[in-house]
Amino acid sequence: MVLVLLEHKDGEIKKSSKEAASFAADLAMSTGEKAVGLIAGGATNSNELGALGIEEIFEFEAADYLDSQQWTQVIEQAYQKLQPTFIVLSNNSLGKSIGGRIAVRLNKGLISNVIQFKSEESKPIFRKSVYSGKAFAWYAFQSNEGIISVMPHGYGVFPNKNKQVTASKIDISIPSGNVKLKERNLLKGKTPLTEADIVVSAGRGLKDPSNWKMIEELADLLNAATACSRPVADAGWRPHYEHVGQTGIAIRPNVYIAIGISGAIQHLAGVNNSKNIVVINKDPEAPFFKAADYGICGDLFEIIPKLNEALRRAK
Amino acid sequence: MRLLVCISKTPDTTSKIRFDADSKNFIEEGVQFILNPYDEWYSLVRAIEIRESIGGQVDVIHVGNTSSDILIRKALAIGADAAFRIEDEASNSTSVAYQIAEFVKSHPYDIVFVGKETIDHNGSEVGSKLAAFLNLPFVSFCNHLEITNNIAVCSMEIDGGNEIIELNIPFVLSAAKGLAEQRIPNMKGIIDAKKKPLNVIAKVNVENHSELVRFETPAAKSGVRMIDPDKLDEMVDIFKNELKII
Ligand SMILES: Cc1cc2nc3c(=O)[nH]c(=O)nc-3n(C[C@H](O)[C@H](O)[C@H](O)COP(=O)(O)OP(=O)(O)OC[C@H]3O[C@@H](n4cnc5c(N)ncnc54)[C@H](O)[C@@H]3O)c2cc1C
């Protein structure tokens, strides 16, 4: 049995969890096991989970907020009851805060931030990106069991399976926590950068924060999230949570559009795993063009308004 | 307040990444190592700021061999009071976390800081494993920390926002951008650092449950396709028919 932790928000299973579910289903298929989901009560959508390849769902009752020790208890007790071989999590903010803790508590291995697996010498091996996107590493568990956290956008969501889902309750007693939640602030109506499929990012080439209007317009037209280079966030032109790169966040969207960003190695470190990169820069020697799939060389102040116009026409 | 900052070394991002013939080992020769930026810029500086405002002791700990001493001295020059080095290869996150936990069990601290990840393996594993070995709460991706009367109020980065939480000491924290501002060591710091204690501790072994199969370098991009800035309809066409995003 491969057990996947499913998180939901406002009754919807999170995209990062759907991705973990797809990974778990494919892994279960390759090892001849069954993929099952663990979810906090009330959010099971059987059709959706069946399409992702989940065959059985276990629902537990929990408060809205659990700290990392409480989450670990949930997984530990589910493990004791279900005895899965592999436990799959998303390596999103929750996965990062509990992955290592679960591994220690269950005395098992953890392979984190995985983007792919394959079978080699009759056991699964797992691939992750290392050295800031400049290399990959394949890891294996010493025994045929362990914990895997899947990189957001690293694997993909594949709702093409057709399983019948059975749902049942699982009894988990959650101890009182050591952490008190005082506030949770979520950006309203915006897709978190790590979950965005398309990202429009801009750098110092924009010259002034007031010029971001056209960038936001482009992002709106493409239904994309916005990001920026570090100097732009440091100067306070854009909020810090938009900063991508070695010292910001690492993302792996389907399409990354870089506008007026030179493509310094520290910037690339956070974005070079993107599936498609489009670069708009006036300098033909800008290093970003070497990492790009599509490039437009020219003045962004002319190109972006024209591109927005062309997109509006195409809609 | 007793504060411990875990520091790791990592290749500078501009380093050339090479592996040996059987793709199992990273070639360190010719590589410039730096203190992991999350440890140096955020963890260490915030710990020093806390000492400056409410008093206490800031120690740093590192798992590695003597070649790291120069980096440990830098942490002392920035303002740590004393350093500990566990004489072992930092071969995996379990062993690093376990050995630091063993040290902390005999030298209790109020807050143990790690960086949110190292910039080489980007694993983000040591902090949560360390917290588990110590059976302490873990504040992950902390970008703001205030302490009053042994109660901490922290802001944690979560997907698409942040959470403000409150908890008592002791705990383990992983530092993210925003927790503090980088400090450059000054001349006095560098001179003082030479006199500060750097204690070497013997290693302890622990079982690891996963192993590296091999490294791999990515295939080179096939080359960029340039689009004429006067023919942006072509870009729109690519969005529509190749990338299928509109
Ligand atoms: C330890 C360390 C960590 C770092 N971490 C990060 C990180 O996480 N993320 C990050 O982004 N950076 C990081 N940096 C900084 C990085 O090295 C670069 O300095 C930074 O990415 C440059 O930002 P930029 O491309 O926006 O600006 P610049 O390098 O100034 O580039 C601006 C680009 O805009 C182009 N441009 C200007 N005007 C126009 C126009 N009118 N039309 C079209 N193009 C135009 C220029 O040709 C140029 O290529 C780090 C640096 C260090 C030392």
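Caption draft 1: Region of the structure containing the nonpolar core. In terms of nonpolar packing, the biggest core is built from 83 residues, with F23(A), F126(A), I148(A), I111(B), L145(B) and L173(B) touching the most fellow members. Once residues lying within four places of it in the same chain are set aside, the contact partners of L145(B) are R46(B), I50(B), I111(B), F113(B), A152(B), V153(B), C154(B), F171(B), L173(B) and L179(B). By size, the runner-up hydrophobic cluster in this structure holds 36 residues, among which are M214(A), V255(A), I296(A) and L311(A).

Caption draft 2: Molecular detail of the sheet that holds strand β10 (residues 171–175) of chain B. Judged by pairing direction, the sheet is mixed, and its 10 strands sit side by side in the order β12(A)-β9(B)-β8(B)-β7(B)-β10(B)-β6(B)-β1(B)-β4(B)-β5(B)-β11(B) without closing on themselves. Two strands close off the open sheet at either side, each with one partner strand: β12 (179–186) of chain A together with β11 (198–201) of chain B. Across this sheet, the average inter-strand angle for adjacent strands is 30°, counted without regard to direction. Pairing of strand β1 (residues 2–6) of chain B with strand β4 (residues 57–64) of chain B involves 5 bridges; the strand directions are parallel. Bridging from a neighbouring strand, L3(B) pairs with V58(B) of β4(B). Packing against the sheet, helix α4 (residues 93–106) of chain A makes contact with β7 (138–148) and β8 (151–158) of chain B, and its axis sits at approximately 95° to β7(B). On the sheet, helix α2 (residues 69–78) of chain B packs against β4, β5 (82–87) and β11 of chain B and is oriented at approximately 160° with respect to β5(B).

Caption draft 3: Representation of helix α3 (residues 93–106) of chain B. All names here are of chain B. Its 14 residues give α3 an end-to-end C-alpha distance of 21 Å, which sits within 8% of 20 Å, the value for a rise of 1.5 Å per residue. S93, T94, S95, V96, A97, Q99, I100, A101, F103 and V104 are the residues of α3 that are buried. The inward-facing, buried residues of α3 contact β1, β4, β5, β6 (111–115), α4 (126–134) and β11. The N-capping residue of α3, defined by a side-chain oxygen 3.1 Å from the backbone nitrogen of T94, is N92.

Caption draft 4: Examining the interface of chain A and chain B more closely. The interface of chain A with chain B comprises 88 residues on the first partner and 71 residues on the second. For the pair chain A and chain B, the summed buried area comes to about 7100 Å², and 55% of that belongs to carbon and sulfur atoms. Run the count over chain A and chain B and you get 7 salt bridges. In this structure, the salt-bridge partner of R214(B) is E120(A), at a minimum N-O distance of 2.9 Å. Our count for the chain A to chain B interface comes out at 37 residue pairs in polar contact (both at pLDDT 80 or more). Here the side of chain A that touches chain B is composed, by residue class, of 41 nonpolar, 27 polar and 20 charged. Here strand β9 (residues 135–141) of chain A runs beside strand β12 (residues 210–216) of chain B; their pairing, made up of 6 bridges, is antiparallel. If you follow Y139(A) over to β12(B), its bridge partner there is L212(B).

Procedures and definitions
- Sequence order sets the numbering: in each chain, residues are counted from 1 along the sequence as written.
- Written order determines the labels here, with chains lettered from A and ligands numbered from 1.
- In view of the model being predicted, local features appear only for residues whose pLDDT reaches at least 70, and side-chain atom pairs are presented and counted only at 80 or more, with totals across whole chains, interfaces and linings using the full set of residues.
- Note that water and hydrogens are dropped before the side-chain values are worked out from all heavy atoms of the structure.
- The set of buried Ala, Val, Leu, Ile, Met, Phe, Trp, Tyr and Cys residues whose side-chain atoms join them within 4.5 Å is what this entry labels a nonpolar core.
- A 1.4 Å probe rolled over the protein chains alone gives each residue an accessible area, and that area as a share of the maximum for its type sets the label: buried under 20%, exposed over 50%, partly exposed in between.
- It only takes one pair of heavy atoms within 4.5 Å for two residues to be counted as in contact.
- A pair of strands is considered paired only if DSSP assigns at least 2 bridges between the two.
- Strands here are runs of E lasting at least two residues and helices are runs of H or I lasting at least four, both read from the DSSP assignment and numbered beginning at the N terminus.
- Fitted lines through C-alpha atoms give the axes, limited to the stretch in contact for helices. The angle between two N-to-C directions lies from 0 to 180 degrees.
- Working rule for helices: expected span equals 1.5 Å times residues minus one.
- Whenever two N or O atoms come within 3.5 Å, that pair is a polar contact, provided that in protein one can donate a hydrogen and the other can accept it, and provided that, for residues adjacent in sequence, both atoms are side-chain atoms.
- Put simply, buried area is how much 1.4 Å-probe accessible surface two parts lose in total, over both of them, once they are put together.
- Think of a salt bridge as a Lys or Arg side-chain nitrogen and an Asp or Glu carboxyl oxygen that are within 4 Å of each other.
- We call Asp, Glu, Lys and Arg charged. Ala, Val, Leu, Ile, Met, Phe, Trp, Tyr, Cys and Pro are nonpolar, and the rest, Gly among them, are polar.

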